Number of protein chains: 2
Amino acid sequence: MSRAEQKERTRRAIINAAFSQLSADKSFASLSLREVAREAGIAPTSFYRHFADMDELGLTLVDEAGLMLRQLMRQARQRIEKNGSVIRTSIETFMEFVTGNSNVFRLLLRERSGTSAAFRSAVAREIQHFVAELAEYLRKETTCPDELARAQAEAMVTLVFHTGADALDAPPEQYAYLTSRTITQLRWLAHGAASYGRKPKE
Amino acid sequence: MSRAEQKERTRRAIINAAFSQLSADKSFASLSLREVAREAGIAPTSFYRHFADMDELGLTLVDEAGLMLRQLMRQARQRIEKNGSVIRTSIETFMEFVTGNSNVFRLLLRERSGTSAAFRSAVAREIQHFVAELAEYLRKETTCPDELARAQAEAMVTLVFHTGADALDAPPEQYAYLTSRTITQLRWLAHGAASYGRKPKE
DNA sequence: CCGTTTAGCTTACAACTGTTCGCTCATTCT
DNA sequence: AGAATGAGCGAACAGTTGTAAGCTAAACGG
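Caption draft 1: Spotlight on the protein's contact with DNA strand C. Taken together, 20 residues form the shell around DNA strand C, and within it Arg34 of chain A together with Thr10, Ala43, Arg49 and His50 of chain B come nearest. Protein-adjacent atoms of DNA strand C, using a 4 Å cutoff, are sugar or phosphate at a proportion of 49%. Between Arg34 of chain A and DNA strand C, the recorded distance is 2.5 Å, taken from a side-chain N or O atom to a base nitrogen. Interatomic distance of 2.4 Å between a side-chain N/O atom of Arg49 of chain B and a base oxygen of DNA strand C. Sort the elements by how many residues they give to the surface near DNA strand C and helix H1 (residues 3–21) of chain B lands first, with four residues.

Caption draft 2: Spatial organisation of the pattern of salt bridges. In the structure shown here, the tally under the stated rule is 22 salt bridges over all chains. Here Glu133 of chain A and Arg77 of chain A are joined by a salt bridge, their closest N and O atoms 1.7 Å apart. On the criterion of sequence distance, the pair formed by Glu133 of chain A in helix H6 (residues 117–141) and Arg77 of chain A in helix H3 (residues 54–83) is long-range, its members being 56 residues apart. Take Arg77 of chain A: its relative accessible area is 39%, and that puts it in the partly exposed class. Residue Glu154 of chain B pairs with Arg181 of chain A through a salt bridge whose shortest N-O separation is 2.8 Å. With one member in each of two chains, Glu154 of chain B in helix H7 (residues 146–169) and Arg181 of chain A in helix H8 (residues 175–195) form a pair that bridges those chains. By relative accessible area, which is 8% here, Arg181 of chain A ends up buried. Salt bridges sharing common partners tie together Arg150 and Glu154 of chain A together with Asp166 and Arg181 of chain B.

Caption draft 3: Spotlight on the domain arrangement of chain A. All names here are of chain A. Split by domain assignment, chain A resolves into domain 1 (1–51) and domain 2 (53–195). Distance between the C-alpha centres of domain 1 and domain 2: 28 Å. If you look at the interface, domain 1 gives 20 residues, while domain 2 gives 16 residues. In total, about 1500 Å² of surface goes out of reach between domain 1 and domain 2, with carbon and sulfur atoms giving 71% of it. For domain 1, the biggest contributors to the area lost against domain 2 are Phe19, Phe28 and Phe51; these three give 46% of the whole. Its salt-bridge partner being Glu64, residue Arg12 comes within 3.2 Å of it at the nearest N-O pair. Put simply, domain 1 and domain 2 have five residue pairs in polar contact (both at pLDDT 80 or more) between them. Per-element accounting of the side of domain 1 that touches domain 2 gives the leading share, six residues, to helix H1 (residues 3–21). Split into classes, the residues belonging to the side of domain 1 that touches domain 2 amount to 13 nonpolar, four polar and three charged.

Rules of the game
- Residues numbered from 1 in each chain as written.
- Chains lettered and ligands numbered in written order.
- Predicted model: local features only at pLDDT ≥ 70, side-chain atom pairs only at ≥ 80, totals over all residues.
- Heavy atoms only, no water.
- Near = heavy atom within 4 Å.
- Polar contact = N/O pair within 3.5 Å; in protein donor to acceptor, adjacent residues only side chain to side chain.
- Helix = DSSP H or I, 4+ residues; strand = E, 2+ residues; numbered from the N terminus.
- Salt bridge = Lys/Arg side-chain N within 4 Å of Asp/Glu carboxyl O.
- Buried < 20%, exposed > 50% of the residue type's maximum accessible area, 1.4 Å probe, protein only.
- Domains from an automatic or database assignment.
- Contact = heavy atoms within 4.5 Å.
- Buried area = accessible area lost by both parts, 1.4 Å probe.
- Nonpolar A, V, L, I, M, F, W, Y, C, P; charged D, E, K, R; others polar.

Below is the structure:
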């Protein structure tokens, strides 16, 4: 096996080990280099051949999580074309992501307000992709001026993200309720922004 | 000095030490019993005379933070009576809390999605106070049916809380923008909910 | 006033942590 | 073929952590 190939392989082993150790009661900050190395099947010191420290690993994880999010968006667009209902399809796709990759979502959720400024801004950047794309859609579909389209998109993403967080601690039989509640909230926003589009005076 | 009195005094010293060690780059999870004890001016083992473990301390901190939040609400009500503008006054009061007690707000923000289920539900409970109170207000002031008043209140609290989180990483000159953006979002919600109050068919 | 209670201390231990150093040995380059 | 590279390893070190055991001395209750 080629050397570069093998190196990439154990690099992946490290990343996978880290992801698999994340859980409801274990955050990235509570992972230890030694534990990750152990699960990846390498000596603790070999870790340094791939990452300078745990922070570098963490940023890599956030990047990968962001990648998954973007793939998700692409998937949602395809579904919308076939299905029609924009809001419902988007949320349902997102909820599937949250429940199917809860560790990945938890990583983003936690590091968004975590103790590392680098992590926080990395997560913020990933979420901005969501917001920017949604804002552009709103600009096309509605008569909303640019500035307000962005504010509307931010509110929507905030609400959806928050619903994902709720779902992590809710029993599955509540997913349907959470989803429909969020749909209602988004419709309010859309409707309010449309008929109240002029900038408020005060 | 009375014994009970002295005990309460060092208990407070522990709590204060914990609060003061929280910061942008230090979460409660990253506090150590020994560090807290050191700053409180007691031996590590004396900690156990007051709390069974760090988790118990943490729950106490969350309780105290919730208390501050409720005091804040009371203060906001008073201001509203004198000032009039409900939404703007509420948000400005909240933003003052966030910037003036950022460590306290950070505690709630982080433990809301932290690694301890007990912490998460404790924070959720504190936030529910906000939601319940706002929902009741909406029921009185508007024609919104109960169920929808709650959903509206939840969305509003979510947006305001999120804005607080944004403020933590934003330079002070952006506070005004964040505030006005959120005001716009809340008005959309209120307007949308009022004119779109009937439950959506799908 | 004397026995009990108890907050706080010192000492100690075992379990981890991240990181340095020097080595091996298979792959790669010349 | 021979030299250089570099992934991975084992041993070791200096810190830190939570917590147990037992003591002291001051406040308390009878």
